[in-house]
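One letter stands for each residue in the lines below.
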Amino acid sequence: MMKQVQSSFRRILLSRILLITVPVLILGQYVIYRKARSTLLDTARQNLTESADRKAEDIQQWAKSLESNLVNASESYVFQSGQTQEYQKYVEQLYQTLPTQVRCVQLINLQTSEIIAKTCDDESINSPSLSMWPPQQRQLVKKISNVNINYIWPEQFNSDSFSSDDTITQNKQVSLGLSVPVYVAEGSERQLRYALSIRSDLPMQTNRRRGSLTGSTVVIDHKGTILASPDPDRVGSNISDGPDAERLKSIIRNAQEGRKDFLHIFSFEEIDVSKNNKSSPLREFIDEFKKILPELLGLKLSADDEFLVGYAPTSSPVDRDDARKWIVLAITPIDFALSGLREVQKVLIIMIFGLVAASVIATIYLARDLARPLEKLRDYALAVNDLDSPNKVPRSRRIREFHQLAIALESMVYRLKRWADQLEVTSKEAQVANQLKSEFLANISHELRTPLNGIIGSIQLIYDGFCDTKEEEMEFLKQANDSAIHLLRIIDDILDIRRIDSGTLSIYLTDVDIVKLLHETIDSFRQDIAQKSLLLKLNIPEQLIIVNADQEKLKQVFKNVISNAIKFTEKGSINIYISQENNNSNFAGNTNNLSDNYGRKENQVLVKIEDTGIGISPEQQDKLFQPFVMVDGTKTRKFGGNGLGLAISRGLMEMMNGSISLYSEGIDRGTTVDIIMPIKEKQSIQNEIQLNSQSELNIAERRMNY
């Protein structure tokens, strides 16, 4: 079996403190980091949503501005003059006044499809026909509805033919072609002759700098076709063909309902221009280490392919239908939105290492200061082998707890000495208890065996035919019956004391004439009193005293007390008294405080039973009410008994709201037993007297017998 390795207090204290403080420090830093990240993320979401809304308004303003400028230019006096040599100059001037997104302006003769004037070298912007507008106009009417708008999809360019990425991106975006009719006055009417057209890119605001919360612009039509994107390869494709299509479709649904909100999407291609900058190998190693460390500490900013998108709807300038809106997205990598968190990340990492180092140093000093007093106490405990050693416990007054520990150690030594003495006393008491148990078992065995022998002997004599007459046979049967009744009483006593202890003994409280019940009990013992030539003195008032009790249980208490008085009295007298007084009087040491249901003091009846028997020493009197305890085994065995009578009596009296107490001045000084019960109310007693006159006759008859 492997031996367990023990560790010192210092080492355990150091490890436990670090085990608690270091995770707490790291957890605290992590909570600060998560709170900062949540705040920055909420700000980015709000800003991107507002940015998308602004971009949508810009597109709408841009479209209206182009339409308005184009309609106004179509009514210029230059076109009305009919001087074609002025057209090129006017078109170039118009190109300079239009927004920067306009790439080309041209004037086309609708009858000959000839380009009259233009500002670009490309082919015609579109091919409008005469059927698109009315052939003539009688008066000048400026209608925005006359502007025809259509998409101009990007041509497939070879990236090698352009000098920069911006040129490639610009030529791969969707453009809008806007055309408006130009009417020339001929006589009284205005005839349709030319079409003024412009080609304009969508106003794209692409911000790819870290920390920017405006985002790059992405425009999607109601069908999910990407019209503009920072990634030119995706222009013209449908979102259902790309990654994270379900989230993008949910954006279209929400935007068509007029909602402006934000959403996190994944794997939307975005160009990070910062990645194009080449760096040295050392810089790459540092950047790679920066990526790994936050992951280990749980401070990674976000997933590598996660993007934050704010979106807003805007009217489509092409379809002119509220059900066919454009959706404008302001999109940025979430790493860009949380770029401010990088500085927080660096500070937190530095703080973690700094706090951990400070915690280790502080813990080392703390462990030393705490361990020194404890080590001194250990040395003292190892050196002390005798409880009476004169060496004093070392005390540390700087640390209150260790000072208290030293005092407690001294007190413990004192208590150990005292407990050693108590242990010796307890050992002797255990021996006495063991002796009492043996005496009880021997006593109860004798008490059970005696009536059983009587029963068996009497029945055996009758069975063997040793009875000469019928009278002799009846005498043996009477002896067997008496022994069986005695045995039943012993068993009933054992069962009663068990029921009282467990609280399962049932009593039935009724109105009981205590004087009558006491007389009946005394009458059952007159023969036993006469056999021992004892003098019976009675002081019982000739009046009706009603108590609320269980008649059989109260009679059992009287029998137990009177039978003990007869049993333990060899000569002399037995005196029985009944007195009725208020419970404020002192009844033979009674401390029971009885009240009626209304809180008033009740009158009490005291039954006092005195004898001139063997008595009992004062220090042994409390043991008499303990079950199975025989105070003096030798003397008690002379008189018999099982030691349960008084214990049962006390239990029964407490259940009937009464009390029983015992007093003796000493050995051979006799014994006095007081039984106290509350008396029922006088009103009830008077009714009882009126309804039962027969009881008075019985009382008079008993007085004559005395």
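What you see is a predicted model; the values in this text were computed from it and never measured. (Residues numbered from 1 in each chain as written. Predicted model: local features only at pLDDT ≥ 70, side-chain atom pairs only at ≥ 80, totals over all residues. Heavy atoms only, no water.)

**Q** Hey, could you run me through the packing of aromatic side chains in this one?
**A** What describes a pair of aromatic rings is the distance from one ring centre to the other and the angle between the planes of the rings. One pass over the full model with this rule turns up 3 aromatic pairs. For the ring pair Tyr 87 and Tyr 194, a centre distance of 5.5 Å and an interplane angle of 80° mean the geometry is edge-to-face. Taken together, the residues span a long stretch of sequence, with Tyr 87 in helix α3 (residues 87-97) and Tyr 194 in strand β6 (residues 189-201) at a distance of 107 residues. Overall, Tyr 87 belongs to the buried group, its relative accessible area being 1%. Take Tyr 194: its relative accessible area is 4%, and that puts it in the buried class. (Phe/Tyr/Trp six-rings, centres within 6.5 Å; stacked < 30°, edge-to-face > 60°. Helix = DSSP H or I, 4+ residues; strand = E, 2+ residues; numbered from the N terminus. Buried < 20%, exposed > 50% of the residue type's maximum accessible area, 1.4 Å probe, protein only.)

**Q** Explain the packing of helix α12 (residues 551-567) against helix α14 (residues 645-655) to me, please; I cannot follow it from the model alone.
**A** Relative orientation and spacing of two packed helices are given, respectively, by the angle between their axes and the distance between those axes. At a minimum axis distance of 9 Å, the contact between α12 and α14 shows a crossing angle of 150°. Considering the relative orientation of α12 and α14, their crossing is left-handed. On the side of α12, the interface is formed by Lys 553, Leu 554, Gln 556, Val 557, Asn 560 and Asn 564, while α14 contributes Gly 645, Leu 646, Ile 648, Ser 649, Leu 652 and Met 653. (Axes fitted to C-alpha atoms, helices over the stretch in contact; angles between N-to-C directions. Left-handed = near helix turned anticlockwise from the far one by under 90°. Contact = heavy atoms within 4.5 Å.)

**Q** Would you take a moment to explain the sheet that holds strand β13 (residues 535-539) for this structure?
**A** Sheet strands associate in pairs through backbone hydrogen bonding, adopting either a parallel or an antiparallel arrangement. Spatially, β13-β15-β16-β18-β17 is the arrangement adopted by the 5 strands of the open sheet, whose pairing is mixed. The sheet is open, and its two edges are formed by β13 and β17 (659-663), each paired on a single side. Across the sheet, the mean angle from the axis of one strand to that of its neighbour is 15°, orientation sign disregarded. Sheet analysis places β17 next to strand β18 (residues 671-678), joined by 5 bridges and oriented antiparallel. Looking across to β18, one finds that Tyr 663 is bridged to Thr 672. Running over the sheet, helix α11 (residues 514-531) touches β13, β15 (573-582) and β16 (603-611) and is turned about 170° from β13. (Pairing = 2+ DSSP bridges.)

**Q** Which parts of the structure should I look at to understand the state of the cysteines?
**A** Here, disulfide denotes a covalent bond that connects the sulfur atoms of two cysteines. Counting across every chain of the model gives 1 disulfide. In this model Cys 104 forms its disulfide with Cys 120; the gap between the sulfur atoms is 1.9 Å. One disulfide, between Cys 104 and Cys 120, carries an S-S torsion of -55° and so falls in the left-handed class. Taken as a pair, Cys 104 in strand β1 (residues 102-109) and Cys 120 in the loop between β2 (114-118) and β3 (136-137) lie far apart in primary sequence, 16 residues in all. Across this residue pair, the class does not change: Cys 104 and Cys 120 are buried. (Disulfide = S-S within 2.5 Å.)

**Q** Looking at this structure, how should I read the pattern of salt bridges?
**A** Opposite charge on two side chains permits pairing when their charged atoms draw close. Counted under the stated rule, the structure contains 9 salt bridges. Asp 42 is the salt-bridge partner of Arg 45, the closest N and O atoms lying 3.3 Å from each other. Here Arg 45 and its partner Asp 42 are both found in helix α1 (residues 9-74), 3 residues apart, which amounts to about one turn of the helix. Using a relative accessible area of 41% as the deciding quantity, one classes Asp 42 as partly exposed. (Salt bridge = Lys/Arg side-chain N within 4 Å of Asp/Glu carboxyl O.)

**Q** Any chance you could explain helix α10 (residues 470-502) here in plain terms?
**A** Note that an α-helix has 3.6 residues per turn; residues three or four places apart therefore point the same way. Here α10 is 33 residues long and its end C-alpha atoms lie 47 Å apart, about the 48 Å a rise of 1.5 Å per residue gives. Inspection of α10 places Phe 476, Ala 480, Ser 483, Leu 487, Ile 490, Asp 493, Asp 496, Ile 497 and Ile 500 among the buried residues, and these make up the whole buried set. One or two positions beyond α10, positive phi appears at Gly 503, with a value near 75°. (Expected span 1.5 Å × (residues − 1).)

**Q** Got a minute to help me understand the pairing of strand β10 (residues 306-314) in this structure?
**A** Each regular strand displays side chains that alternate between the two surfaces of the sheet. Judged by how many residues are buried, β10 sits mostly within the fold: 9 of 9 residues are covered. Every second residue of β10 is oriented toward a common face, with Glu 306, Leu 308, Gly 310, Ala 312 and Thr 314 on one face and Phe 307, Val 309, Tyr 311 and Pro 313 on the other, all of them buried. The sheet contact formed by strand β9 (residues 261-266) and β10 spans 6 bridges and is antiparallel. In the strand pairing of β10, Phe 266 is matched with Glu 306. Both β10 and strand β11 (residues 326-333) contribute to a ladder of 8 bridges, which runs antiparallel. Across the sheet, Gly 310 pairs through a bridge with Ala 330, a residue of β11.

**Q** I keep staring at α3 and nothing clicks. Help me out?
**A** If you check which residues of α3 are buried, you get Tyr 87, Tyr 90, Val 91 and Leu 94. Seen from one end, α3 has its buried residues packed into an arc of 100°, which puts them on one side. Seen from the buried face of α3, the exposed residues on the opposite side, beyond 90 degrees, are Lys 89 and Gln 96. (Arc of directions from axis to C-beta.)

**Q** I'm lost on the nonpolar core in this one. Help?
**A** Within soluble globular proteins, side chains that are nonpolar generally end up buried alongside one another. Core analysis: the biggest nonpolar cluster contains 49 residues, and Leu 107 and Leu 196 have the highest contact counts within it. Considering each element in turn, this core owes the most residues, 13 residues, to α1. Apart from residues no more than four positions distant in its own chain, Leu 107 is found in contact with Phe 79, Tyr 87, Val 91, Glu 114, Ile 115, Ile 116, Ala 117, Val 182, Tyr 194, Ala 195 and Leu 196. Membership of the second largest hydrophobic core comes to 45 residues, among which are Val 515, Ile 545, Val 607 and Ile 616. (Core = buried A, V, L, I, M, F, W, Y, C linked by side-chain atoms within 4.5 Å.)

**Q** Even after reading the chapter, I still don't get the packing of α10 against α14, so can you show me in this structure?
**A** Interhelical geometry of α10 versus α14 gives an angle of 45° and a closest axis separation of 10 Å. Judged by the inter-axis angle, α10 sits oblique to α14. When you trace α10 past α14, the crossing you get is left-handed. Only Ala 647, Ile 648, Gly 651 and Leu 652 of α14 make contact with α10, whose side of the interface consists of Asp 493, Asp 496, Ile 497 and Ile 500. (Parallel < 35°, antiparallel > 145°, perpendicular 65-115°, else oblique.)

**Q** Looking at this model, I keep getting lost on the sheet that holds β11. Mind explaining?
**A** Spatially, 5 strands are ordered β8-β7-β11-β10-β9 in an open sheet, and the strand pairing comes out antiparallel. Strands at the two margins of the open sheet, each flanked by one partner only, are β8 (226-228) and β9. Across the sheet, the mean angle separating the axes of adjacent strands is 35° when strand polarity is ignored.

**Q** Honestly, unusual backbone geometry in this entry has me stumped. Any pointers?
**A** Backbone phi values are negative for most residues with the exception of glycine, while trans is the configuration of most peptide bonds. In this structure, Ser 533 is a non-glycine residue whose phi angle is positive, near 55°. On the secondary structure map, Ser 533 appears in the loop between α11 and β13. By relative accessible area, which is 62% here, Ser 533 ends up exposed. Backbone geometry at Asn 657 places phi at a positive 65°, although glycine is not the residue there.

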